[in-house]
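Chain by chain, the residues:
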Amino acid sequence: MTASDEENLQLTPVTVLGLGPMGRALAAAFLAARHPVTVWNRTPGRTGDLLDRGATLATSVEDAVRAGQLVVTCLIDYDALHATLRQSTEGWEGRQLVNLTSGEPAQARATAVWASARGIDYLDGAILTPTPAVGTPSAAVLYSGASDVYEAVAATLAAIGGTATYLGDDHGRASAFDVALLDLFATSVNGIVHAFALSSAEGIAPEQFAAFATGIGGLLPEMITRFAQQIQADHCPGDRSTIASAASGITHVINTSATHGIDVGVLTAAKTVIDRAVADGYGPQGLARLTTTLHKDGRAWTTEGT
Ligand SMILES: NC(=O)c1ccc[n+]([C@@H]2O[C@H](COP(=O)([O-])OP(=O)(O)OC[C@H]3O[C@@H](n4cnc5c(N)ncnc54)[C@H](OP(=O)(O)O)[C@@H]3O)[C@@H](O)[C@H]2O)c1
């Protein structure tokens, strides 16, 4: 990057709409990269130390949009996003909107249609890391939407730090990755808290249990990579463990949990899928084959959306 590129970067004005923990972290990262930053939030008094650090507070969405070349939105959901954007239908000429609000692929695509009808250059994104990572090398953000819009904003977005991955022109693509990763996260958290509930009911101290539980967690990266290969190849051998064996294992967990009065809803839902796989003749196959059973039409994986 040349000195003049650097100067331009510093001068690119950024507006951040939404000052929850993530919106504040984003605004702080743009300030740290010396961009002029304007912030707006529905409820006053959420600026933290951003004004002391040089941010300007806009009192309306319209003023905030006019102040920025790049407008970043980071709100609780797409309803909040549209409730906010509706307050500024004018003043978007020559500006880019990058939405970092988490949501669903269909919502991102519908917002792209909404933006296009108003002549707004729109990019959707998904932040994969927590607030302390923002502005550091460990940040990770996915983007999707028109490539020329991404190229126009990529240098400014570099202030968020870490790894930026552009996923192509389908506006829903970043969100598609995000929801699938949230699926993994949500079900993992459920497993963790359920295991703590069960182990403590059996009189095991949480710290003593954690020493072994982290070992299970350590198995997951290799397992994810291996499952990916098996699902892609539509070949899920049961040489390490089988679905039939998992049916037996999860039954022990359900029965022991039930004796302690611990909710078994999540586990019985998982067992229903395992039982269906066994009924479909997949008992001798490996656990990656459960993906086939989860799909109503029985396919192993899909190229839809690629
Ligand atoms: N925090 C994280 O670690 C993290 C990590 C990755 C992704 N994200 C994503 O980043 C987004 C923002 O998250 P967050 O942690 O900053 O906080 P959040 O609690 O998800 O969102 C708070 C923001 O949404 C605004 N909001 C809520 N309802 C609104 C409405 N009807 N109209 C206008 N604004 C509304 C709030 O304004 P008020 O102050 O007025 O209520 C506030 O600015 C979410 O989509 C989240 O999934 C967060």
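Residues numbered from 1 in each chain as written. Predicted model: local features only at pLDDT ≥ 70, side-chain atom pairs only at ≥ 80, totals over all residues. Heavy atoms only, no water.

Caption draft 1: Highlighting the domain arrangement of the protein. Considered domain by domain, the protein is made up of domain 1 (3-168) and domain 2 (202-294). Domain 1 and domain 2 are separated by 40 Å when their C-alpha centres are compared. (Domains from an automatic or database assignment.)

Caption draft 2: Geometry of the site of the ligand. Every one of the 21 residues lining the ligand counts as a neighbour, but Met22, Asn41, Thr43, Arg46 and Ser102 are closest to it. Side-chain polar atom of Arg42 to an oxygen atom of the ligand: 2.9 Å apart, as the coordinates give it. The backbone of Ile76 places a nitrogen or oxygen atom 3.1 Å from an oxygen atom of the ligand. Look at the ligand: alone it shows 880 Å² of surface, and the protein chains cover 74% of it. Of all the secondary structure elements, the ones that give two or more residues to the shell around the ligand are helix 2 (21-32) and helix 4 (78-85). (Near = heavy atom within 4 Å. Polar contact = N/O pair within 3.5 Å; in protein donor to acceptor, adjacent residues only side chain to side chain. Areas by Shrake-Rupley, 256 points an atom, 1.4 Å probe, with all protein chains shown as cover. Helix = DSSP H or I, 4+ residues; strand = E, 2+ residues; numbered from the N terminus.)

Caption draft 3: Quick look at unusual backbone geometry. In the Ramachandran plot, Arg34 falls in the positive-phi region, its phi being about 70° despite a non-glycine side chain. Here Arg34 lies in the loop between helix 2 and strand 2 (37-40). By relative accessible area, Arg34 is classed as exposed at 56%. (Buried < 20%, exposed > 50% of the residue type's maximum accessible area, 1.4 Å probe, protein only.)

Caption draft 4: Representation of the environment of Leu142 within the structure. With respect to the secondary-structure elements, Leu142 resides in strand 7 (residues 140-145). On a C-alpha basis, the gap between Leu142 and Asp121 in space is 17 Å, while along the polypeptide they are 21 residues apart. Not counting chain neighbours up to four residues away, the residues in contact with Leu142 comprise Asp124, Gly125, Ala126, Leu128, Thr165, Leu167, Ala174 and Phe177. (Contact = heavy atoms within 4.5 Å.)

Caption draft 5: Structural detail: the environment of Cys236. Within the secondary structure layout, Cys236 lies in the loop between helix 8 (206-233) and helix 9 (243-259). In sequence terms Cys236 and Thr165 are 71 residues apart; their C-alpha atoms lie 30 Å from each other. When neighbours within four sequence positions are excluded, Cys236 is seen to be in contact with Gln230, Gln285, Gly286, Ala288 and Arg289.

Caption draft 6: A look at the pairing of strand 2. Burial along strand 2 is two-sided: the residues Val37 and Val39 and Thr38 and Trp40 are all buried. As paired elements, strand 1 (residues 14-17) and strand 2 share 4 bridges and run parallel to each other. The residue bridging Val14 from the neighbouring strand is Val37, located in strand 2. Examined bridge by bridge, strand 2 and strand 3 (residues 56-57) share 2 bridges and lie parallel to one another. Pairing of Val39 across the sheet is with Leu57, part of strand 3. (Pairing = 2+ DSSP bridges.)

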